[in-house]
Amino acid sequence: MRETRLRFPPSPTGYLHIGGARTALYNWLYAKKHGGKLILRIEDTDEDRSTEESIQGILDSLEWLGIDYDEGPYFQTEFAKDHIDAAQTLLTKGVAYKCFCTREELETKREAALAKKGHLGYDRTCRCLTAEQLKEKEAAGLPFVLRFKIPERTGLHSYNDEILGRIQVDYKEMDDFVIVRSNGKPLYLLCNVVDDIRDRISHVIRGQDHMTNTLKQVLLYEALDAPLPIFAHMPLTLDTKKAKISKRSHGEIVAVQFYRDKGFIPWAFNNFLALLGWSAGNDQEFFSKEELIEQFSLERINKSSAIFNYRKNDPKFFTDPKAIYFNEHYLRTMDIKALGELVRVELELDNLWDDSYAGDREEWYLSTLDLIRDRFHTLKDFTTLGRAYFADDFTVEEKPLKKNILKNESLKEWFPELANRYEQLSDFNLEETERVARELASELDIKPGILINGMRTAVTGQLAGPSMFDILVTLGQDKIVARLRNIHLLFA
RNA sequence: GUCCCCAUCGUCUAGUCAGGUCCAGGACAUCGCCCUUUCACGGCGACAACACCGGUUCGAAUCCGGUUGGGGACGCCA
C-alpha cells in the first residue's frame, strides 16, 4: 500500500489566486482526510518570471488560509540535477532525441499548419535524422533541444482520471514535446514528473488545464519506469465571461491577499472555495474544518467548471456575493472569543485597540462585538462602521445626518436636555434610558423616533444599528452624555 | 484550425453512474410581506433552469447518437 502523498506546486510568478488556493485546499483536504502528507513545492524553474516577492506572497496566503503542509517548501531549482539526469536517461534509452530546428523554422511551420488548418504539432524532422546528419550537426556545434519521442504505437493513449473518467487520445495526435531547452535547462513537463516521482507523490490533484499535459506525462512516467500516481483534474474557475482566471488579466479581485485585506475570515473563504466545484451531495453548505475533511471526496467534485461570480464596481458587493454571504455567516455565528481575536488585529491596525479589552474590559469588548456583528459583512466593518464603539473620532455619515439630525434643528436644544437627564440617572440601564427618552418625547409632543433615530446618528454616526438603548448602555453614560451635548457640532 | 473535456435557475449546486417518487430540490442574488424606534438578522413567499434535435423505452434531466454552445490544450511558460 502506497503512502498517501500529495503536493501543491505553485509557480512563483505572481500572487496566489483563488484557483490556486482552491487547488491547494482540495489537496490539503484529501491529504488530511486520508492521513496523508501534503508537500509544498515551489516550481521556480521559469527564471524570467519567478520572483522572491511572489514566493513570499504565496507562503503568506497559504498561512492566512490555514493550509499547512507536512514537507517543504521545496524549490524545484534545487533539484536541477535530478531533472538533467532524467533527461540524460531518456536520451540514452533512445526515447528522447536532439532537435536542431530553430525557433524561426518552427514558427514558420506553425504558421503554415495554421493556414492549412491542420494540427500544430512538431513535424518530427529531427527524429528522422540519420546518424550521419546527427553527427554533422553535433560537430557543427548547433544548439539543440531535447524532445520526447511519442512511442510508435497505433490506437489510443489513455489514463484514468478520478474526476473525469477515462481520458484518451490517438497516439498520432500527440507531439514530440520538448523536455530540455537549448540552454540545457529541463522544462516543466519533465521536472514536474521527476519531482513527483522523487517525492513519491501518490495523488495529483490539479486543474483541468493540465489534462493534456497528463497524457504526455503518463508517457514520461512509463519511460522512467515509475509507478503512476492517481490523477484527478478539477474543474477550472472561470470569470464572469467564462475565461480562465489568471493573475495577469484579473488583478487583485482574484488574489487571496485581497480577501485577507478586505477583512475576510480565513475559514469562511475556504468554505466558499470548497463549494466552488464540490458539494457534499446534500444541502449542507457550511462546514467546520473537521466536517469538511470528513466529508470531502474526489468523487463528488464536479466535472464542469465553475464561475467565480465577482462583481466589480457594484455598490453593494465588491466580489462574488456568495463569498460575502459565507463571510457574514461566520461573522455572526462563530465563537465570539475567536471573533474577538480576529477583530483585535483590525483594531490594532487602526490604533483602536486597548489592552483592557483583553483584561478587565474583555466582557464589554466581547458583548459589544456580539451586539454589532449582525449587521457587518467583513472584519473591516468593525473599525469603519463600528468605529464609534471604540473611538470618538468616528465619522457621521451624510445620509443619516441629513435625515435624522439636520431636519430637526430643535435637536440642538433637545439633546443637551436629554443629556442632562441621562446624567442624573443613577442606574444607566435599558429600562431607564428608554423611559427617559420616551418621557422627553412626550413632553415635547414629538414622536420618540425623532429622538431615538437622531441619537443613533449622533452617537454612532450611522443610519442603522442595534437597538438604540443597547447602544446607549454599551457606550456608557459618560460617552452618551458627551456626544449628546456635542450635538451643535453636527450643525456647524 | 486540430485534439481533449464539459453542458440543470443570473451564480454555486442536488438529482445523472443503478431511467419512474422531479411539470426538477437547496443556497446566493433580485423582488415582495412579516418582525422592528432604524438597519440587519430571522421568518414567510415570489421570480427563475434540465441548450437543441433525434433515438432507445410503457416512461428520459437521467441511457445512446448528432448538433450547438462553452472551456482547456496545442510554448525552448508553469
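In this text the structure is predicted, and so the values were computed from the model without any measurement. Sequence order as written defines the numbering, with residues in each chain counted from 1. Just so you know, chain letters begin at A and ligand numbers begin at 1, following the order they were written in. In view of the model being predicted, local features appear only for residues whose pLDDT reaches at least 70, and side-chain atom pairs are presented and counted only at 80 or more, with totals across whole chains, interfaces and linings using the full set of residues. In computing side-chain values, all of the structure's heavy atoms are included and hydrogens and water are not.

Trainee: Report on the overall build of chain A, specifying residues and quantitative values.
Mentor: When you go through chain A residue by residue, the secondary structure sums to 21 helices and twelve strands. Throughout, radius of gyration means the C-alpha value; the globule benchmark is 2.2 Å times the number of residues raised to the power 0.38. Its C-alpha atoms give chain A a radius of gyration of 31 Å, more than 25% over the compact-globule value 23 Å for 492 residues. When the backbone C-alpha atoms are referred to their principal axes, chain A occupies close to 110 × 50 × 40 Å. Here chain A, with 492 residues, has 49% of them falling under the buried criterion. It only takes one pair of heavy atoms within 4.5 Å for two residues to be counted as in contact. The long-range share in chain A, meaning contacts at least 24 apart out of those at least 6 apart in sequence, stands at 75%. Strands are runs of DSSP state E lasting at least two residues, helices are runs of H or I lasting at least four, and both sets are numbered from the N terminus onward. Per-residue accessibility, obtained with a 1.4 Å probe over protein chains only, is compared with the maximum for each type, and a residue is labelled buried under 20%, exposed over 50%, and partly exposed between these values.

Trainee: If you had to explain the environment of Q208 to someone new, which residues and values would you point to?
Mentor: Note on placement: Q208 falls in the loop between β9 (203-207) and α7 (211-223). According to the relative accessible area criterion, Q208 is buried, its value standing at 18%. Apart from the residues lying within four places of it in its own chain, the contact partners of Q208 are L164, H233, M234, P235, L236 and K303.

Trainee: Report on the nonpolar core, specifying residues and quantitative values.
Mentor: In terms of nonpolar packing, the biggest core is built from 139 residues, with Y365, F390, F415 and Y422 touching the most fellow members. Sorting elements by how many residues they give to this core places helix α1 (residues 18-33) first, with nine residues. Grouped together as the second largest cluster of nonpolar side chains are eight residues, Y97, Y122, L129 and V145 included. We define the nonpolar core as a collection of buried residues of types Ala, Val, Leu, Ile, Met, Phe, Trp, Tyr and Cys that are connected through side-chain atoms lying within 4.5 Å of one another.

Trainee: Can you lay out the protein's contact with RNA strand B for me, pointing to particular residues and giving the numbers?
Mentor: Near is defined per residue: the residue qualifies when any heavy atom it owns lies within 4 Å of the molecule or strand. Near RNA strand B, the surroundings consist of 67 residues, among which D46, K117, G277, R375 and I452 are the closest. The sugar and phosphate moieties of RNA strand B supply 72% of its atoms located within 4 Å of the protein. Identification of polar contacts relies on pairs of N or O atoms within 3.5 Å, with a donor-acceptor requirement for protein atoms, meaning one able to donate a hydrogen and the other able to accept it, and with residues adjacent in sequence counted only if both atoms are side-chain atoms. At 3.2 Å, a side-chain N or O of R103 approaches a base oxygen of RNA strand B. Note that a base nitrogen of RNA strand B is positioned 2.7 Å from one of the side-chain N or O atoms of K322. Those elements that place two or more of their residues in the surface near RNA strand B are α4 (103-115), β7 (165-170), α7, β12 (306-307), α12 (321-333), α18 (448-460) and α19 (468-475). No other element matches the four residues that α12 contributes to the surface near RNA strand B. Under the grouping applied here, Gly and all other residues not named as nonpolar or charged are polar, the nonpolar ones being Ala, Val, Leu, Ile, Met, Phe, Trp, Tyr, Cys and Pro and the charged ones Asp, Glu, Lys and Arg. Across the surface near RNA strand B, the residue classes break down as 24 nonpolar, 20 polar and 23 charged.

Trainee: Please give an account of the sheet that holds strand β8 (residues 178-180) that cites residues and values.
Mentor: Whether two strands pair depends on DSSP finding at least two bridges between them. Strand order in the open sheet formed by three strands is β4-β5-β8, and the pairing between neighbours is antiparallel. Among the strands making up the open sheet, the edge pair consists of β4 (96-99) and β8. Neighbour-to-neighbour, the strand axes of this sheet turn through a mean angle of 45 degrees, independent of strand direction. Pairing of strand β5 (residues 145-148) with β8 involves two bridges; the strand directions are antiparallel. Paired with R147 across the bridge in β8 is V178. For helices, the fitted axis covers only the stretch in contact; all axes are lines through C-alpha atoms, and the angles between them, taken along N-to-C directions, range from 0 to 180 degrees.

Trainee: Could you give an account of α1, naming the residues involved and the relevant values?
Mentor: Each residue after the first adds 1.5 Å to the expected span of a helix. Across its 16 residues, α1 extends 22 Å between first and last C-alpha, which sits within 8% of the 22 Å expected from 1.5 Å per residue. With 14 of its 16 residues buried, α1 lies for the most part within the structure. Looking one or two residues beyond α1, the residue adopting positive phi is G35, at roughly 60 degrees.

Trainee: So what about unusual backbone geometry? Which residues, and what values?
Mentor: Residue G72 is joined to P73 through a cis peptide bond whose omega torsion reads 5 degrees. Tracing the backbone shows P73 in strand β3 (residues 71-75). For D225, which is not glycine, the phi torsion reads 55 degrees and is therefore positive. Phi at K242 is positive, roughly 65 degrees, even though this residue is not glycine. Relative to the helices and strands, K242 is located in the loop between β11 (237-238) and α8 (247-250).

Trainee: Any chance you could break down the pattern of salt bridges for me, citing the residues and the numbers?
Mentor: By salt bridge we mean one thing: a side-chain nitrogen of Lys or Arg within 4 Å of a carboxyl oxygen of Asp or Glu. Summed over the entire model, instances satisfying the criterion amount to 42 salt bridges. A single salt-bridge network, built from bridges that share partners, covers R7, R41, E43, D82, D195, D196, R198 and D199.

Trainee: Which residues make up the packing of aromatic side chains, and what values do they have?
Mentor: For Phe, Tyr and Trp, rings pair up if their centres lie within 6.5 Å, where Trp contributes its six-membered ring, and each pair is then called stacked (planes under 30 degrees apart), edge-to-face (over 60) or tilted (otherwise). All chains considered together, the criterion is met by 32 aromatic pairs. Here Y422 and F428 contribute two aromatic rings whose centre-to-centre distance is 5.4 Å and whose plane-to-plane angle is 85 degrees, an arrangement assigned as edge-to-face. Over the ring of Y26 we find R22; its NZ or CZ atom is 5.5 Å from the centre of that ring. Here the basic side chain of K412 rests over the ring of F491, its NZ or CZ set 5.1 Å away from the ring centre. Lysine NZ or arginine CZ positioned within 6 Å of the ring centre and within 35 degrees of the ring normal marks a charge as sitting over the ring.

Trainee: Give a detailed account of the pairing of β3, specifying residues and quantitative values.
Mentor: By the bridge criterion, three bridges tie strand β2 (residues 37-42) to β3 in an arrangement that is parallel. Paired with I39 across the strands is E71, a residue of β3. If you view a crossover with the strands going away from you and the path from the first strand over the helix to the second runs clockwise, you call it right-handed. In this region the chain leaves β2, passes through helix α2 (residues 52-65) and returns to the parallel neighbour β3; the handedness of that crossover is right-handed.

Trainee: Tell me about the environment of R311, and name the residues and values.
Mentor: Summarising the element assignment, R311 is placed in the loop between β12 and α12. R311 sits in the partly exposed class, given a relative accessible area of 33%. For the pair R311 and D470, spaced 159 residues apart in sequence, the C-alpha separation works out to 35 Å. Leaving out residues up to four positions away in the same chain, R311 has contacts with F317, F318, T319, D320 and P321. For R311, the side chain forms a polar contact with the side chain of D314, separated by 3.3 Å.

Trainee: Can you tell me about the pairing of β9, naming the residues and giving the values?
Mentor: Each regular strand shows side chains that alternate between the opposite faces of the sheet. Burial runs high along β9: five of the five residues are buried. Taken together, the five bridges between β9 and strand β10 (residues 230-234) define a ladder with parallel strand orientation. Looking across to β10, one finds that R206 is bridged to H233. The parallel pair β9 and β10, bridged by α7, forms a crossover whose chirality is right-handed.

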